[in-house]
Amino acid sequence: MEGYKVYVTRMIPEKAILYLKDHYDVEVNPEDRPLERSELLDKVKNRHGIITMLNDKVDAELMDQAGSQCRIFANYAVGYNNIDIPAATERAIFISNTPDVLTDATADMTWALLLSAARRVVEGDRIVRSGGFTGWSPLLMLGVEVTGKTLGIIGAGRIGQAVARRAQGFGMKILYTANNPRADFERETGASFAGLNVLLSQSDFVSVHVPLTPLTHHLISVSEFAIMKESSILINTARGPVVDEKALAEALRNGQIRAAGLDVYEREPEVEKELLVLDNVVLSPHLGSSTLDTRERMGLMAAENIIAALHGKIPPQCLNPQAATKGR
Ligand code: DGY
């Protein structure tokens, strides 16, 4: 549609931008850094559609700054804890996200961390680079076996289920939590529905896949570490604040759990200092969906959502279709 203005708060793979440029007047933040709040408030003014990142706070103030012509904020992420959805609905603004297209990439990343933590890959890399490798030794850096162990999936949504499917290749027993038991998933993977405490006390590996909400904030904290096995390994590729980082550092230091692999942090890009000095935690910089294929698919999906909204339709990945019923 001629005359519609779209803003993208961060550079994303070019495909999506070119696609949007075929339809609209598109501006992209040219700098590879998140916008300061004041810049964001300024940049959204008079736009009809905006692609936001997971670290942009999309609240009532930002929506009001955008103006009453704004139809959609399309979040370039599956998680949307950065967005005030009721405020958007009230203003008849659609919110969309990018589910499915990043499921495999994020499940792969979960496994990259799980295997790295279990087999001490990053720790070993540091030893080799610093000249500490003096030759093969029968007792050198003994890790833990993955095959045949129990994997606990906290939150068996799309990504949790994809992680579980990969675990089948390792002959693992799978426990999971979810709002309700999932018969298809159980049939496919042999997974068993469990309460959180049972899962934590029986799993050798625990992987977190719940969205961040007030209910899941610090879901894993002091009392949860207390019931986990001393040999267990915790992986978090969901959202940082689901795990209490200080409590995790303490559990890793005092041997309450064996190791951890983290892709997400409570106060990104800050990382709890106590974690940085520990060898038994693998830390990656929020790379869950970071493959070129996936990031292109996320961009095209966000673009499709913008296009639908600007055509007066409910976007395909809309999180608040009720916004359509609000008068403009
Ligand atoms: C998401 O989409 O929520 C991921 O964390 C982005 O990498």
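Residues numbered from 1 in each chain as written. Predicted model: local features only at pLDDT ≥ 70, side-chain atom pairs only at ≥ 80, totals over all residues. Heavy atoms only, no water.

1. What about the nonpolar core?
The biggest cluster of nonpolar side chains holds 54 residues, and the ones touching the most others in it are Leu-20, Tyr-24, Ile-51, Leu-151, Phe-205 and Ile-306. A per-element tally of this core places helix α13 (residues 292-310) first, with eight residues. For this core, the two domains that each supply at least three residues are domain 1 (5-101 + 292-325) and domain 2 (103-283). If near-sequence neighbours (up to four positions away) are discounted, Leu-20 is found in contact with Val-6, Val-26, Ile-51, Ala-303, Ile-306 and Ile-307. (Core = buried A, V, L, I, M, F, W, Y, C linked by side-chain atoms within 4.5 Å. Buried < 20%, exposed > 50% of the residue type's maximum accessible area, 1.4 Å probe, protein only. Helix = DSSP H or I, 4+ residues; strand = E, 2+ residues; numbered from the N terminus. Domains from an automatic or database assignment. Contact = heavy atoms within 4.5 Å.)

2. A look at the domain arrangement of the protein
With domains assigned, the protein is organised as domain 1 (5-101 + 292-325) and domain 2 (103-283). With nine residues of domain 1 at the contact, the number on the domain 2 side is five residues. In total, domain 1 and domain 2 occlude about 590 Å² of area from one another, counting both sides; carbon and sulfur atoms represent 46% of this. Together, Leu-54, Asn-81 and Asp-100 form the three largest contributors to the area buried by domain 1 at its contact with domain 2, with a combined 62%. Here domain 1 is connected to domain 2 by one salt bridge. Across the salt bridge formed by Asp-100 and Arg-158, the nearest N and O atoms sit 3.7 Å from each other. Residue classes in the side of domain 1 that touches domain 2 are distributed as five nonpolar, three polar and one charged. (Buried area = accessible area lost by both parts, 1.4 Å probe. Salt bridge = Lys/Arg side-chain N within 4 Å of Asp/Glu carboxyl O. Nonpolar A, V, L, I, M, F, W, Y, C, P; charged D, E, K, R; others polar.)

3. Considering the pattern of salt bridges
In this structure the tally under the stated criterion is 27 salt bridges. For Arg-33, the salt bridge is made with Glu-31, and the minimal N-O distance between the two is 2.9 Å. Here Arg-33 falls in the partly exposed class, since its relative accessible area comes to 26%. The partner of Asp-104 in a salt bridge is Arg-166, with the nearest N and O atoms 3.1 Å apart. Of this pair, Asp-104 sits in helix α5 (residues 103-119) while Arg-166 sits in helix α7 (residues 158-168), placing them 62 residues apart in sequence. Several salt bridges share partner residues, and in doing so they unite Lys-246, Glu-250, Arg-253, Arg-267, Glu-270, Glu-272 and Glu-274 into one network.

4. Describing the packing of aromatic side chains
The final tally for this structure, using the stated rule, is four aromatic pairs. Geometrically, the ring pair formed by Trp-111 and Phe-170 is stacked, given 4.7 Å between the ring centres and 10 degrees between the ring planes. Here the residue Trp-111 occupies a position in helix α5, and Phe-170 occupies one in the loop between α7 and β7 (173-177), the gap between them amounting to 59 residues. Members of the aromatic cluster, each reached through a chain of ring pairs, are Tyr-176, Phe-185 and Phe-193. (Phe/Tyr/Trp six-rings, centres within 6.5 Å; stacked < 30°, edge-to-face > 60°.)

5. Notes on the environment of Arg-267
Here Arg-267 is to be found in the loop between β11 (259-262) and α12 (273-276). Placed 26 residues apart in sequence, Arg-267 and Pro-241 show a C-alpha to C-alpha distance of 7.8 Å. Excluding its chain neighbours within four sequence positions, the residues that come into contact with Arg-267 are Glu-245 and Glu-272.

6. Topic: the packing of α5 against α7
Their axes nearest at 9 Å, the elements α5 and α7 cross at an angle of 55 degrees. Taken as axis vectors, α5 and α7 run oblique relative to one another. Crossing angle aside, the handedness with which α5 passes α7 is right-handed. Residues Thr-103, Asp-104, Thr-106, Ala-107, Asp-108, Thr-110 and Trp-111 of α5 form the contact with α7, whose own contacting residues are Arg-158, Ile-159, Ala-162, Val-163, Arg-166 and Ala-167. (Axes fitted to C-alpha atoms, helices over the stretch in contact; angles between N-to-C directions. Parallel < 35°, antiparallel > 145°, perpendicular 65-115°, else oblique. Left-handed = near helix turned anticlockwise from the far one by under 90°.)

7. Regarding the sheet that holds strand β8 (residues 192-193)
In space, the seven strands of this open sheet follow the order β8-β7-β6-β9-β10-β11-β12, with parallel pairing throughout. Either end of the sheet is taken by a strand with one partner, and the two such strands are β8 and β12 (281-283). Judged from the four bridges that link them, strand β9 (residues 205-208) and strand β10 (residues 233-236) form a sheet pairing that is parallel. Within the sheet, the bridge partner assigned to Phe-205 lies in β10 and is Ile-233. (Pairing = 2+ DSSP bridges.)

8. Things to note about the side chain of Glu-245
Within the element layout of this structure, Glu-245 appears in helix α11 (residues 245-253). For the buried residue Glu-245, which engages in no salt bridge, the nearest side chain bearing the opposite charge is Arg-267, 4.1 Å off. At a separation of 3.3 Å, a polar atom in the side chain of Glu-245 contacts the main-chain amide nitrogen of Glu-272. (Lys, Arg positive; Asp, Glu negative; His and termini not counted. Polar contact = N/O pair within 3.5 Å; in protein donor to acceptor, adjacent residues only side chain to side chain.)

9. Here we look at the site of the ligand
Around the ligand, the structure places Leu-54, Ala-77, Val-78, Gly-79, Leu-102, Arg-239, His-286, Ser-289 and Arg-295. For the ligand, an oxygen atom lies 2.7 Å from a polar atom in the side chain of His-286. Summarising the interface, the protein chains cover 93% of the accessible area of the ligand, which totals 230 Å² for the free molecule. Class assignment for the residues of the shell around the ligand results in four nonpolar, three polar and two charged. (Near = heavy atom within 4 Å. Areas by Shrake-Rupley, 256 points an atom, 1.4 Å probe, with all protein chains shown as cover.)

10. Notes on the state of the cysteines
One pass over the structure, following the stated rule, counts zero disulfides. Counting only cysteine sulfurs, Cys-318 is the nearest neighbor of Cys-70, a cysteine outside any disulfide, at a range of 13 Å. A relative accessible area of 1% means that Cys-70 is categorised as buried. Residue Cys-318 is classed as buried on the basis of its relative accessible area, which comes to 16%. (Disulfide = S-S within 2.5 Å.)

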